[in-house]
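So you can see what is in the structure, the chains are spelled out below.
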Amino acid sequence: MYPATAHERPLLPRVLVFGRAILISFLLIVPLLVINGLQMLSLIVKPFSKPLFRTINRRLAHTYWTLLVWLLDKVYRVRFEWHSEELPLREDAILIANHQTAVDVMPLFALAERCGRIGDMKFFVKEVFKYIPGPGWGMIFLDCIFLKRRWMADRRRIKATFERFRAEKIPLWLNIFPEGTRYTPKKMLEAQNTARHYQLPLCEHVLIPYAKAFETSILGLQDRVQAVYDITIGYPQGIPTLWQLLCGEVRLIEVHVARFSLDQLPREAPAIEAWLNERFWAKEQHLLRLQKEGTFRMPKKSLTTALPICADTGWTAG
């Protein structure tokens, strides 16, 4: 049995749930704006020491994102069901994930926290996001890559950022949502029409991934990252909104992680695109299994769940 949603509860419990959600939202926004202020102050040291500037901002991101993971665990009691091999520690990687809701970043934070990389996370995000106080402003200081959806301009920006990653040896967990937008039924119908046109498999739970940013990342960071983590995020209770998470209606998140060493991936753009399409077809199969059985767990392969996510951390699932 899943907990009643906030709208299904009696009036008084509903008011208390909404009140707590509003209070927690306020308590999360205020420190985020304070962090924005500290990030602005960090510009003072940038001309004298770029490593110190980056360390300050890494620590600020680590502190705030770790707070979010703690909140999920201790306040909201969200349980993550991990389906993963053991991941190496201190490995620079590119992460690709399906995108259904704003809540998707939470399992990414939880994974990074368990692997000791939460301060090293960087994202491909839409250009408009950088104008949002709090998260958007903060990402400017973390070398996140803002995309205008004009490929020639975006490619120049991506390559310049990657040059900086290499030159300054910046620790890197680069997160990409290749679908480029959140899943909706309308977008799914559009994606299926596109799939028919290009004779691709028809999916019901993922959109067709855009390969350009991923291709550029593979080719541009092949001397900086060691692996690609293919992450599939699923919600057994249904895809939640951020407000539903704040109201305590999310109890379980399933996360499947498949690691691919970079030397396993092709180096030609068409082959990289084909590889990415194959991984999203695999995501479709995971999500179909979740819909039918309520879990990503493969029959007779249940030992792949509840294993340590990262080696030598002392942390185990559950």
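The coordinates are above.
Residues numbered from 1 in each chain as written. Predicted model: local features only at pLDDT ≥ 70, side-chain atom pairs only at ≥ 80, totals over all residues. Heavy atoms only, no water.

K.L.:
For the pattern of salt bridges, give the residues involved together with the corresponding values.
P.N.:
Any two side chains of opposite charge can pair if their charged atoms end up close together. Going through the model one piece at a time under the given rule, you end up with 18 salt bridges. A salt bridge links Arg54 to Glu168; its shortest N-O distance comes to 2.6 Å. In this pair, Arg54 sits in helix α2 (residues 50-75) while Glu168 sits in the loop between α5 (151-167) and β5 (173-176), placing the two residues 114 residues apart along the sequence. Between Arg157 and Glu127 there is a salt bridge; the shortest N-O distance is 2.7 Å. Residue Arg157 is located in helix α5, and its partner Glu127 is located in the loop between β3 (121-126) and α4 (135-140); the two are separated by 30 residues in the primary sequence. Arg157 sits in the partly exposed class, given a relative accessible area of 28%. Salt bridges sharing partners connect three or more residues here, namely Lys50, Arg54, Asp143, Arg164 and Glu168. (Salt bridge = Lys/Arg side-chain N within 4 Å of Asp/Glu carboxyl O. Helix = DSSP H or I, 4+ residues; strand = E, 2+ residues; numbered from the N terminus. Buried < 20%, exposed > 50% of the residue type's maximum accessible area, 1.4 Å probe, protein only.)

K.L.:
Residues and numbers for the nonpolar core, please.
P.N.:
In terms of nonpolar packing, the biggest core is built from 53 residues, with Trp65 and Ile231 touching the most fellow members. Element by element, the count of residues in this core is highest for α2, at 8 residues. Leaving out residues up to four positions away in the same chain, Ile231 has contacts with Leu95, Ile96, Ala97, Asn98, Leu108, Leu111, Val255, His256, Val257 and Lys283. Formed by 32 residues, the second largest nonpolar core is a distinct cluster that contains Leu172, Ala258, Leu262 and Leu276. (Core = buried A, V, L, I, M, F, W, Y, C linked by side-chain atoms within 4.5 Å. Contact = heavy atoms within 4.5 Å.)

K.L.:
Residues and numbers for unusual backbone geometry, please.
P.N.:
A positive phi is found at Arg77, a non-glycine position, where the angle reads about 55°. Topologically, Arg77 is positioned in the loop between α2 and β1 (79-84). Among the residues examined, Arg77 registers a relative accessible area of 57% and is labelled exposed. Unlike most non-glycine residues, Arg90 shows phi in positive territory, near 55°. Counting through the fold element by element, Arg90 comes out in the loop between β1 and β2 (93-97).

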